[in-house]
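Examining the three-dimensional arrangement
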Amino acid sequence: EKAGYDHFMLKEIHEQTTSIQNAFAGRISEIEGSVKFENLKLTRKDIQNISRIQIIACGTSWNAGLMSKYLFEQLAGIHTDVDIASEFRYGYPVLCGDTLTVAITQSGETADTLAAVRGAKSYGCRTLAITNVVGSTITREVNETIYTRSGPEIGVAATKTFTGQLIALYLLALHSGRMRGNIGHEDMKNILISLKKIPGQVQRILNNRDKVHRCASMFSDTDSYFFIGRYLNYPVALEAALKLKEISYIYAEGYAAGELKHGPLALIKEGTPVVAIATGGHTYSKMLNNIKEIKARGATVIAIADEDDQEIQKYADIIIPVPKTHELLSPVLSTIILQLLAYYTALERGCSIDKPRNLAKSVTVE
Ligand code: M6R
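Everything quoted here is computed from the prediction, not taken from an experiment.

**Some points on unusual backbone geometry**
Not every positive phi belongs to a glycine, and Ala3 is a case in point at roughly 45°. Locating Ala3 in the fold gives a position in the segment before α1 (8–14). For Ala3, a relative accessible area of 60% gives the class exposed. Backbone geometry places Asn39, a non-glycine residue, at a positive phi of 65°. For Asn39, the location among the structural elements is in the loop between β2 (34–35) and α3 (44–49).

Structure representation (structure tokens):
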């Protein structure tokens, strides 16, 4: 049941204080600077021998996969490719025995993802699934499974299962980095300490949800929305756009901010809302330049920025602050703000939030 919430989606957004906690509970030790998964068969040697990771997924799970490419490459030094399952299954991928194929699917039943995994197995790859559903079909296809432990998700729009996937992928990338000697003990410890604070910070975001609601109300009549970000905030932008179009039916696009001037900038007109995910990190100053470019074309800029940011007010029209965390983890927090933005926009527009038109929770046919 909805436990007093108007929609399952809102309930599930709120449940992230505990679902995120569950995703890492018992799996991390910040004192030892280590991660361990129950039943993981991959040994240190196996992880050292991985030459490449191949991610396969659809929709929101693909967005989590794109985020993990940055994580596996930065934290573990493993080259990672991310493919859409429906494309991968009809392509001619170059895979070999030391490729680890990671299938990401919350339901564990997505037809294209299952077919793509079967394809990867035919090349002799080792396979690992990240899923939320215990005993789902994917778990019977792969060598091993990491569960996201998000609890049942009823809303068609994936929310808590997406952040659950992100946490599982952070942990896998950190563990791989540790096993390969790519991350030092101190760095690992700092990230894990920050991770433990995330559930409390999610609560703070939820407590301030009225600000997001007000922002959503201001633009609920717009005919298009843009979301831009760089590096880890690029998949955040893609996921925000997917969520908004899925439940509010507003045309929305997510872009890598540096790509705007290669075409999409032509779509920006007076008053177009552009959400710039501009949390701190090595691409921050580049984001400020991008914000200037779009402001010059008349866009209204809504910036998602660190709460201690003193600079951003010179650039953006509206600022939604994010609690300060480790640079690598801020996508989890920004995502929750953007889930709320999609939710309140759809609410203002009177949409069928939990069951959007034309969509099903689990896509078990091709
Ligand atoms: O169950 P899966 O993670 O394999 O599902 C993949 C997509 O169908 C799913 O993420 C879809 O994009 C969501 N409805 C998005 O909110």
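**A closer look at the packing of helix α10 (residues 209–218) against helix α13 (residues 330–348)**
Where α10 contacts α13, the two axes come as close as 8 Å, and the packing angle between them is 50°. Judged on the interaxial angle alone, α13 and α10 are oblique. Once α10 is placed against α13, the crossing between them reads as right-handed. Residues Arg209, Val212, His213, Cys215, Ala216 and Ser217 of α10 form the contact with α13, whose own contacting residues are Ile337, Leu340, Leu341, Tyr344, Thr345, Leu347 and Glu348. Of the residues contributing to the contact of α10 with α13, the split by class is eight nonpolar, three polar and two charged.

**Things to note about the environment of Trp62**
Along the chain, the position of Trp62 falls in helix α4 (residues 59–76). Judged by its relative accessible area of 18%, Trp62 falls in the buried class. Along the backbone, Trp62 and Phe37 are 25 residues apart, and their C-alpha atoms lie at a distance of 22 Å. Apart from the residues lying within four places of it in its own chain, the contact partners of Trp62 are Ala57, Val82, Asp83, Ile84 and Leu238.

**Regarding the environment of Ile138**
Mapped onto the elements, Ile138 comes out in helix α7 (residues 137–141). Separated by 86 residues in sequence, Ile138 and Arg52 place their C-alpha atoms 21 Å apart.

**Description of the side chain of Thr80**
Within the element layout of this structure, Thr80 appears in strand β4 (residues 79–84). With a relative accessible area of 0%, Thr80 lands in the buried category. Contact partners of Thr80, with chain neighbours within four places excluded, come to Ile53, Ile55, Lys69, Phe72 and Glu73.

**With respect to the packing of aromatic side chains**
Enumeration according to the criterion identifies five aromatic pairs in this entry. Between Phe226 and Tyr255, the ring centres sit 6.4 Å apart and the planes meet at 20°, which makes this aromatic pair stacked. Here the residue Phe226 occupies a position in strand β8 (residues 224–229), and Tyr255 occupies one in strand β9 (residues 251–256), the gap between them amounting to 29 residues. What makes Phe226 buried here is its relative accessible area of 1%. Judged by centre distance (5.2 Å) and plane angle (75°), the ring pair of Tyr343 and Tyr344 falls under edge-to-face. We note that Tyr343, like Tyr344, is buried. Three or more aromatic residues joined by ring pairs form one cluster here, namely Phe219, Tyr225 and Phe227. Here the guanidinium or amino end of Arg357 rests over the ring plane of Tyr249, the centre of that ring lying 3.8 Å away.

**Observations concerning the site of the ligand**
By nearness alone, 13 residues border the ligand, and Ser61, Thr105, Ser107, Thr110 and Glu246 come closest of all. One nitrogen or oxygen atom from the side chain of Ser61 is found 2.6 Å from an oxygen atom belonging to the ligand. Here a nitrogen atom of the ligand and a side-chain polar atom of Glu246 are 2.6 Å apart. For the shell around the ligand, the elements supplying multiple residues, two or more each, are α4 and α11 (233–248). In terms of residues, the shell around the ligand owes the most to one element, α4, which gives three residues. Partitioned by chemical class, the residues of the shell around the ligand number four nonpolar, seven polar and two charged.

**Overview of the sheet that holds strand β5 (residues 99–104)**
A sheet is described by the order of its strands in space; here five strands give the open sequence β4-β3-β5-β6-β7, paired in parallel fashion. Here the strands that pair on one side only, and so sit at the sheet edges, are β4 and β7 (144–147). Across this sheet, the average inter-strand angle for adjacent strands is 20°, counted without regard to direction. Across six bridges, strand β3 (residues 52–57) lies against β5 in parallel orientation. Residue Gln54 lies in a different strand from β5, and its bridge partner there is Thr101.

Analysis parameters
Think of each chain on its own: its residues are numbered from 1, step by step along the sequence as written. Residue-level local features of this predicted model are given only where pLDDT is at least 70; pairs of side-chain atoms are given and counted only at 80 or more, and the full residue set underlies all totals for whole chains, interfaces and linings. Water and hydrogen atoms were dropped before computing side-chain values, which therefore reflect all heavy atoms in the structure. What counts as a helix is a DSSP run of H or I of at least four residues, what counts as a strand is a run of E of at least two, and both are numbered from the N terminus. Each residue is assigned to one of three classes by its accessible area relative to the maximum for its type, calculated with a 1.4 Å probe on protein chains only: buried under 20%, partly exposed between the two thresholds, exposed over 50%. As a rule, the C-alpha atoms of each element are fitted with a line to give its axis, helices using only the stretch in contact, and angles between N-to-C directions run from 0 to 180 degrees. Under this scheme an angle from 65 to 115 degrees is roughly perpendicular, one under 35 degrees roughly parallel, and one over 145 degrees roughly antiparallel; angles in between are oblique. By convention the crossing between two helices is left-handed if the near helix lies anticlockwise of the far one by an angle smaller than a right angle, and right-handed if it lies clockwise. Here, two residues are considered to be in contact whenever any of their heavy atoms come within 4.5 Å of each other. Side-chain classes follow a simple rule in which Ala, Val, Leu, Ile, Met, Phe, Trp, Tyr, Cys and Pro form the nonpolar group, Asp, Glu, Lys and Arg form the charged group, and the remainder, Gly included, forms the polar group. Note on aromatic pairs: the rings of Phe, Tyr and Trp (six-membered ring only in Trp) are paired at centre separations within 6.5 Å, and the planes decide the class, stacked below 30 degrees, edge-to-face beyond 60, tilted for the rest. A ring is considered to have a charge above it if a Lys NZ or an Arg CZ atom is located within 6 Å of its centre and within 35 degrees of its normal. One heavy atom within 4 Å of a molecule or strand makes the whole residue count as near it. Pairing of N or O atoms within 3.5 Å defines a polar contact, subject to two protein rules: one partner must be a possible hydrogen donor and the other a possible acceptor, and residues neighboring in sequence count only if both atoms are side-chain atoms. Only when DSSP finds a minimum of two bridges between them are two strands counted as paired.

Purely spatial values, then, with no claim about function.
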